[in-house]
Structure formats: C-alpha cells, structure tokens
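Breakdown of the fold
The chain contents come next:
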Amino acid sequence: MCSCCYPLHLCCLLSFQVREEIDKYGIKIYQFPDCDSDEDDEIKQQDKGLKESLPFAVIGGNTVLEVRGQRVRGRLYPWGIVEVENPSHCDFGKLRNMLIRTHMHDLKDTTNDCHYENYRAQCIQNMT
C-alpha cells in the first residue's frame, strides 16, 4: 500500500478498502483519543494526520542498502528498493512517532486499565 508500489490514487483506494473491511468485520483497532481543546494547532494537525493515515502501511527491513550514496534500511525488490524511513514509501515513521512520542502514555493507560484489568478479572474468575 505504499506509493513506491502503486500510484497515489491506488494507495488511497487500498487504504479505504482496508478501513471498510475493518468496519465490516468489527475489527477492533486503537482509537486515538481526541485532542484537548486547548492544544495548539500544530498538535491538532499532527493528530488529525495520524488518524487519517490509518491503517498504517508499514514495511520492515533489516538490510542496510546503498541508495543515492547514502546507507538506508530497506528491502530490495526486482523493481527497486523500498526504504523503511522514507515517508513516500511507507508509514513506519508515523507509526514510530505515534508509539514512542505522541501516544505512549495513552497506550500504557489503555494497556493497564483495559487489557490488564480484563486479564486480572479472568484470572480471579478462574480461581473461583
């Protein structure tokens, strides 16, 4: 689903189709919390961009390749190279920023308040 593989309009179409299937089959995905009303416009735009990027198109690569005189992490295909850090190739940078910089606290809270509490309740129920 990256622009290096498909023209931009096909990327948008694929992303739309994936979102439709997520809704159709009731697949639960992370729901970004809404920004506070007092957040500055830059934060609001960044948050809006992340929400609009769902689902993230991510490719992994553990190979360091030489591209235009620079060493980059990516994958080599018969038709070319996909760079992990290149935003026109994949959404890895957006996903990393979301996980580590902008939404880590919310993810930790969700893990503790929802997932851990559900696990703990199930363990207690199994003990009785």
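Everything below is about the structure printed above this text.
Keep in mind the model is a prediction, meaning the values are calculated, not measured. (Residues numbered from 1 in each chain as written. Predicted model: local features only at pLDDT ≥ 70, side-chain atom pairs only at ≥ 80, totals over all residues. Heavy atoms only, no water.)

Examining the overall build of the protein chain
The condition is simple: Where helices and strands are cited, they refer to DSSP runs of H or I of at least four residues and of E of at least two residues respectively, numbered from the N terminus. With the radius of gyration taken over C-alpha atoms, the globule rule is written as 2.2 Å times the number of residues to the power 0.38. The cut-offs for exposure are 20% and 50% of the maximum accessible area for each residue type, with area from a 1.4 Å probe on protein chains only; residues under the lower value are buried, those over the upper are exposed, and the others partly exposed. By definition in these notes, contact holds between two residues if any of their heavy atoms fall within 4.5 Å. Here the open area of atoms and residues is found with the Shrake-Rupley method and a 1.4 Å probe, where only the protein chains shown may cover a residue. Positive: Lys, Arg. Negative: Asp, Glu. His and the chain ends are not part of the count. Where a charge lies is defined by one atom per residue type: Lys uses NZ, Arg uses CZ, Asp uses CG and Glu uses CD.
When its secondary structure is counted, the protein chain shows 4 helices and 3 strands. Shown N-terminal to C-terminal, the secondary structure of the protein chain runs as helices and strands in the order α-α-β-β-β-α-α. A compact globule built from 128 residues would reach a C-alpha radius of gyration of about 14 Å, whereas the protein chain, at 19 Å, exceeds it by more than 25%. Its C-alpha atoms put the protein chain at 60 × 40 × 30 Å along the principal axes. Across the 128 residues of the protein chain, 20% fall into the buried class. At a minimum sequence separation of 6, the contacts of the protein chain that also span at least 24 residues come to 42%. A total accessible area of about 9800 Å² is found for the protein chain, and carbon and sulfur atoms account for 53% of it. Positive and negative side-chain charges of the protein chain, numbering 15 and 20 respectively, have mean locations separated by a distance of 7 Å.

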